[in-house]
Amino acid sequence: MTTAAHPTRQQLPPAARKAKRRSAALGLLAWAAGISFCLPALWMLLTSFHSEADAATNPPSLAASLTLDGYRNFFGGGGGPTPWPPLINSLSASVFSTILVLVLALPAAYALSIRRVRKWTDVMFFFLSTKMLPVVAGLLPVYLFAKNTGMLDNVWLLVLLYTSMNLPIAVWMMQSFLSDVPVSIIEAAQVDGARLPTVLARVVAPVAGPGIAATALICFIFSWNELLFARVLTGVVAQTAPVYLTGFVTSQGLFLAQLCAASVVVSLPVLAAGYAAQDKLVQGLSLGAVK
C-alpha cells in the first residue's frame, strides 16, 4: 500500500505559494507590531531593576547590574513614605465604583435592549453626549461642590465621580451585549413567576456574563488610571496610586529607577485583573460579532 506524499514547494500551485508567502509576511508583521508595543513596558521593567545612577545614563546600559533598591525604596525601605494607603485608596475607589456601575447599568441596559423604552435611541445618544464634555471643563464645578459639602480628600467622592464617569460607556457596552440574550428564556422565567430583580440576577446576568465581565474590567481600568480628578480633589488621606506616582518627579530630580519600580507595582493589579478575566473579556468583546 502506498501513501500519497505531501506536496512539496515545487508542487504547490503559484496561487498557493503566493498565499503562503503573504501569510508568512503578515505573521512577521504581527510579531513585529506586538514586540514594538511590548518594548516600552519591558524597558520600564528592566529599568526598575537598575540603580539610579545606571538608570540615568544616556544612552542607557543594558548590561548594568541589577538591584532591588528601586522596589525597596518604593515600599519605604529607605525611610520614605509607604505606598500602601494610595494603593488601597485606588483599589477601593475602583472596586466600589465598578460594582455601582454594574448595579446601575444592568437594569438600564435591560430597558434599552430587551424591554425597550420609547425613543431608546435618543436615550442612548444622551448617554453618549455626556462623554463629549471635556473632563477639565467640569473640574471647577466639581471642586466647588466638594469644597462646600466637605468632601475634599474623601475616597467616597472619587467613588461617586468614577461611577458617573463610567456609567455611560457601561450602558452602551451592556446594551449591545444584552441585545443577544434570547427573549424566550426571559419570558419563560416570567411565566414561572420570576420578578424583574430575579430575572436580572438569575437569568440575564449569567447569560450575559462575558459581556458584564468585559464591562467591569474596562470600568476598573478607567477608574484605576484616572489622574486629573484624583490630583485636584485629594490630598493625603484619599490620595490614589497615580497621584502618588507623580511625587517621584520633584524639584530635586527624576528618580527614574524608583519611578519605574513604582509604575510596575501600580500596573500589576490591572494586569492581574486582565489576565484573570481574559477569557470573559474576549468572549464579551466578540459577543454579537458573528450571527
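Refer to the structure presented above.
The model shown is predicted, which means the values in this text are computed figures rather than measured ones. (Residues numbered from 1 in each chain as written. Predicted model: local features only at pLDDT ≥ 70, side-chain atom pairs only at ≥ 80, totals over all residues. Heavy atoms only, no water.)

Participant: I keep staring at the nonpolar core and nothing clicks. Help me out?
Facilitator: Generally speaking, soluble globular proteins have nonpolar side chains that are buried together. Core analysis: the largest hydrophobic core is formed by 26 residues, its most contacted members being Leu106, Tyr110, Leu178, Ile186, Val199 and Val204. Counting only elements with at least two residues in this core, the list comes to α4 (84–113), α5 (120–129), α7 (155–178), α8 (183–191), α9 (196–207) and α10 (209–225). For this core, the element with the highest residue contribution is α7, accounting for 7 residues. In contact with Val204, not counting residues within four places along its chain, are Leu106, Tyr110, Leu178, Ile186 and Val199. (Core = buried A, V, L, I, M, F, W, Y, C linked by side-chain atoms within 4.5 Å. Buried < 20%, exposed > 50% of the residue type's maximum accessible area, 1.4 Å probe, protein only. Helix = DSSP H or I, 4+ residues; strand = E, 2+ residues; numbered from the N terminus. Contact = heavy atoms within 4.5 Å.)

Participant: In this structure, what is going on with the packing of aromatic side chains? I would like to understand it.
Facilitator: By convention here, two paired aromatic rings are described through the distance between centres and the angle between planes. Tallied over the full model, the rule gives 6 aromatic pairs. Considering the side-chain rings of Phe74 and Phe75, the 5.0 Å spacing of their centres and the 75° angle between planes classify their relative orientation as edge-to-face. A ring pair is formed by Phe75 and Trp84, whose centres lie 5.6 Å apart and whose planes are at 35°; its orientation type is tilted. By relative accessible area, which is 34% here, Phe75 ends up partly exposed. Within the aromatic cluster, the residues linked to one another by ring pairs are Phe74, Phe75, Trp84 and Tyr244. (Phe/Tyr/Trp six-rings, centres within 6.5 Å; stacked < 30°, edge-to-face > 60°.)

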